[in-house]
Amino acid sequence: WRADGLRLLSNHIKEDGAYPGSPMLALRYLPRAASLIFYELLDGVAASSIREAAGGQDNVEVRESDGFAGVRHCLTQVSDSTGTLLVFVDPWYREASEKDDWTAVLEILRMRKDASIVVWFPKKLRNKPFPLESNLTRLAGQGVSWASIWFPDAVNWEKGPWCSHDLAGCGLLWVGLPGFSVI
């Protein structure tokens, strides 16, 4: 799956001329019958780009507000009548807010109820890697699965098109995805 995933991502980058980001991948691959709500607090340009990419689809809503608060609210509303809830969390993880973002992610994972939750995270090249492998291992003991990759040129990040000092790989945490527990 790693080779296929990298090949697919590489094709998107070649087609679009840029890393597509989670919202663009969701718009491309999730069924049109799904209701999609995107939260974009920090970047009005990103919110506009998502709206433009959605092309007026009536199943897509972009909210320029705190996504963590929005997801917490959605999770408190889960019931048998709401249907399946898939939450994909893709925070900014800027260095100044990483600890707060990680704390919010952990809170959301604890609130999961009957929802399926997927969390994207970056793998960064620096003295103290983020997230710490010990944190991920501890989550695995709580029923959360995870997988991560380093981009092919992570060792020589200044020479390759894939990564930078702040994005040398990525990973996913997930819970509540039956049949997708082990990769």
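Residues numbered from 1 in each chain as written. Predicted model: local features only at pLDDT ≥ 70, side-chain atom pairs only at ≥ 80, totals over all residues. Heavy atoms only, no water.

Student: Help me out: how do you make sense of the nonpolar core in this one?
Tutor: Soluble globular proteins tend to bury their nonpolar side chains together. Among the nonpolar cores identified, the biggest contains 24 residues, and L75, Y93, V105, L109, I117, V119 and L173 are the most heavily contacted of them. Elements with a minimum of two residues in this core: α4 (67-76), β3 (86-89), α5 (98-110), β4 (116-123), α6 (133-140) and β6 (169-175). The greatest single-element share of this core, amounting to 5 residues, is contributed by α5. For I117, the residues in contact, after removing those within four places along its chain, are L75, V87, I108, L109, R112, L173, W174 and V175. (Core = buried A, V, L, I, M, F, W, Y, C linked by side-chain atoms within 4.5 Å. Buried < 20%, exposed > 50% of the residue type's maximum accessible area, 1.4 Å probe, protein only. Helix = DSSP H or I, 4+ residues; strand = E, 2+ residues; numbered from the N terminus. Contact = heavy atoms within 4.5 Å.)

Student: Sorry if this is basic, but what is going on with the packing of α5 against α6 here?
Tutor: The relative placement of two packed helices comes down to the angle between their axes together with the axis-to-axis distance. Where α5 contacts α6, the axes come no closer than 13 Å and their chain directions differ by 5°. Comparing their axes, α6 and α5 come out roughly parallel. Taken together, the residues of α6 that come into contact with α5 (itself represented by W102, L106 and L109) are N135, L136 and L139. Of the residues that constitute the contact of α5 with α6, the class distribution is 5 nonpolar, 1 polar and no charged. (Axes fitted to C-alpha atoms, helices over the stretch in contact; angles between N-to-C directions. Parallel < 35°, antiparallel > 145°, perpendicular 65-115°, else oblique. Nonpolar A, V, L, I, M, F, W, Y, C, P; charged D, E, K, R; others polar.)

Student: Can you walk me through the sheet that holds β6 in this structure?
Tutor: What holds strands together in a sheet is hydrogen bonding between their backbones, with the strands either parallel or antiparallel. Spatially, β3-β4-β6-β5 is the arrangement adopted by the 4 strands of the open sheet, whose pairing is mixed. Each having just a single partner strand, β3 and β5 (145-150) make up the two edges of the open sheet. Averaged over all neighbouring strand pairs, the angle between strand axes comes to 15°, with direction disregarded. Pairing of β4 with β6 involves 7 bridges; the strand directions are antiparallel. Bridging across to β6, F121 finds its partner in G171. (Pairing = 2+ DSSP bridges.)

Student: So what exactly am I meant to see when it comes to the packing of helix α2 (residues 21-29) against helix α3 (residues 44-54) here?
Tutor: Contact geometry for α2 and α3: axes closest at 10 Å, N-to-C directions at 15°. By the angle class used here, α2 and α3 are roughly parallel. For the pair α2 and α3, the sense of crossing is right-handed. Note on element contacts: α3 touches α2 through S49, I50, A53 and A54, opposite P23, M24 and L27. In the contact of α2 with α3, the residues fall into 6 nonpolar, 1 polar and no charged. (Left-handed = near helix turned anticlockwise from the far one by under 90°.)

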